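# Working through the structure, step by step
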Amino acid sequence: MTSAPRVVLAPDKFKGSLSAAEVAAALARGMRRVRPGMGIEVVPVADGGDGTLDAFVTAGWTRVPVTAPGPTGEPGTTSYALRGDTAVIELAAVVGFARLPGGVPDPLGANTFGLGVLIAHALDRGVSRIVLGLGGSASTDGGSGMLTALGARILDREGNEIPCGGAALLDADRLDLSGLHSGVAAAEFTLACDVGNPLLGPSGAVTVYAPQKGAGPEERAVLEAALANWARIAHPEHATSPGAGAAGGTGFGALAVLGARMRSGIDVVLELLDFPTRLAGAILAVTGEGSLDEQTLHGKAPLGVCAAATRANVPVAAVAGRILLTPEQLEDAGFSSAYSLTDLEPDPIRCIAKAAPLLERVGARIAESVDAG
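Now for a description of the structure that goes with this document. Quick caveat, the model's predicted, so the values are computed rather than measured.

### Considerations on the sheet that holds strand β13 (residues 337-340)
Here we have five strands laid out as an open sheet, ordered β2-β1-β11-β12-β13, and parallel in their pairing. Where the open sheet ends on each side, the last strands, each with one partner, are β2 (39-42) and β13. Strand after strand, the sheet turns through a mean of 25 degrees between neighbouring axes, direction not considered. The pairing of strand β1 (residues 6-9) with β2 spans four bridges and is classified as parallel. Its bridge partner being in β2, L9 is matched across the sheet by V42. The strands that helix α1 (residues 20-34) touches are β1, β2, β11 (284-292) and β12 (316-323); relative to β1, the one it contacts most, it runs at about 155 degrees.

Quick look at the structure:
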């Protein structure tokens, strides 16, 4: 007796519309309408930014709730994912844009202290491997707030501790690590990140990302000088490392003090989700995100899924709200087929609002193609 074909659904979120899990669920509903007996395995993915935590919780990891300050200090409930001695902490879930009170940015004062609170909580539980998903940061503090929460002291010339926030780093004169959390030295830190920006300069954290965080020209000048001063006292050799500018320079702080290792976000996520095993025996993998465009080709989640599936000799279908890549680009990337919601609903506003039912229709089309094969 021949077993039913099995499909692996591994989309990223459709930003501003649906979470990765919701995308996968909608595709699965459409597939089951056409092929009720089809084997469907749902593996929502992320590339280290917002949605990373949910991907692991959906995969069965334990959600650990923690009360921690957001990017401007207001306390709130957040969480990280835990399995065995490994914790996955999503920066965006604690000090990201969504945690700004009223959505109002604070480019000079926002900080990563809350991220350090989560790291300390995990270390206190005996965790020995911590994966930090970098992305969606609301601050530009070089990771200094994170380190302060872990016991580091950043002192001015008079020996006083400076306050949190990127601008305060202008007054930093010395970094005292004597009180750093005892668990840091024994832990392995991995940065899941899809950007390679250095800390400073024309492609650094301030120039590229601070405008998105509400920083005007004068504030950017302050932040650039502040991060340059911060790099001076905290292992300046790491300032030029690829990814040091990630998440407002949080990459730099983690590389310089925590001894972290930078890796492709989607590669780390797929490894921890044991994705190659999930692919075994599948006849098709389906991935995608809100927009398939040039950025997709530079290490975003769908490309990582496609590469992993290709290595396993599993064809890959891409699904997106819109597709801005040419058929040749899609083929060169390894996708065997592609489906755009805008082909079904050209109006972008309606397409976003009706993404779930449109994805169900796409799921049905995919199931029909599998049946025909």
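### Thoughts on the nonpolar core
By size, the foremost hydrophobic cluster in this structure holds 59 residues, and its most contacted members are I119 and W230. The contact partners of W230, leaving out residues within four places of it in the chain, are D141, G142, S144, L147, I154, L169, L175 and F252. With 35 residues, the next largest nonpolar core counts V8, V131, L279 and L330 among its residues.

### Focus: empty space enclosed by the protein
By rolling a water-sized probe across the atoms, one finds the places where empty space is left. For the coordinates displayed, the defined rule picks out one cavity of 30 Å³ or more. The volume enclosed by the largest cavity comes to roughly 40 Å³. What lines the largest cavity is simply S144, G145, T148, I154, I162, P163, C164, G165 and L169. The element that contributes the greatest number of residues to the lining of the largest cavity is helix α5 (residues 144-149), accounting for three residues.

### Topic: the environment of G114
Secondary-structure assignment places G114 in helix α4 (residues 113-124). On the basis of relative accessibility, which here comes to 0%, the residue G114 falls in the buried class. Note: C-alpha distance between G114 and G70 (44 residues apart in sequence) is 5.8 Å. The residues contacting G114, other than those within four sequence positions of it, are A68, P69, V94 and V95.

### With respect to the layout of surface pockets
There is about 1300 Å³ of room inside the largest pocket. Contributing to the lining of the largest pocket are 43 residues, with K13, K15, D50, Q295 and K300 lying nearest its centre. Going through the elements one at a time, α3 (92-95), α8 (246-257), β11, β12 and α13 (348-353) are the ones with two or more residues in the lining of the largest pocket. Along the lines of polarity and charge, the residues of the lining of the largest pocket split into 16 nonpolar, 15 polar and twelve charged. Counting residues domain by domain, the lining of the largest pocket receives three or more from each of domain 1 (6-44 + 274-369) and domain 2 (52-265).

Quick notes on the rules
Residues numbered from 1 in each chain as written. Predicted model: local features only at pLDDT ≥ 70, side-chain atom pairs only at ≥ 80, totals over all residues. Heavy atoms only, no water. Pairing = 2+ DSSP bridges. Helix = DSSP H or I, 4+ residues; strand = E, 2+ residues; numbered from the N terminus. Axes fitted to C-alpha atoms, helices over the stretch in contact; angles between N-to-C directions. Contact = heavy atoms within 4.5 Å. Core = buried A, V, L, I, M, F, W, Y, C linked by side-chain atoms within 4.5 Å. Buried < 20%, exposed > 50% of the residue type's maximum accessible area, 1.4 Å probe, protein only. 1 Å grid on protein atoms, 1.4 Å probe; cavity = no way out; pocket = protein on both sides within 12 Å on 5 of 7 lines; lining within 4 Å. Points joined across faces, edges and corners; volume = space filled by probe spheres on them. Nonpolar A, V, L, I, M, F, W, Y, C, P; charged D, E, K, R; others polar. Domains from an automatic or database assignment.

Purely geometric stuff here, so don't read any function into it on its own.
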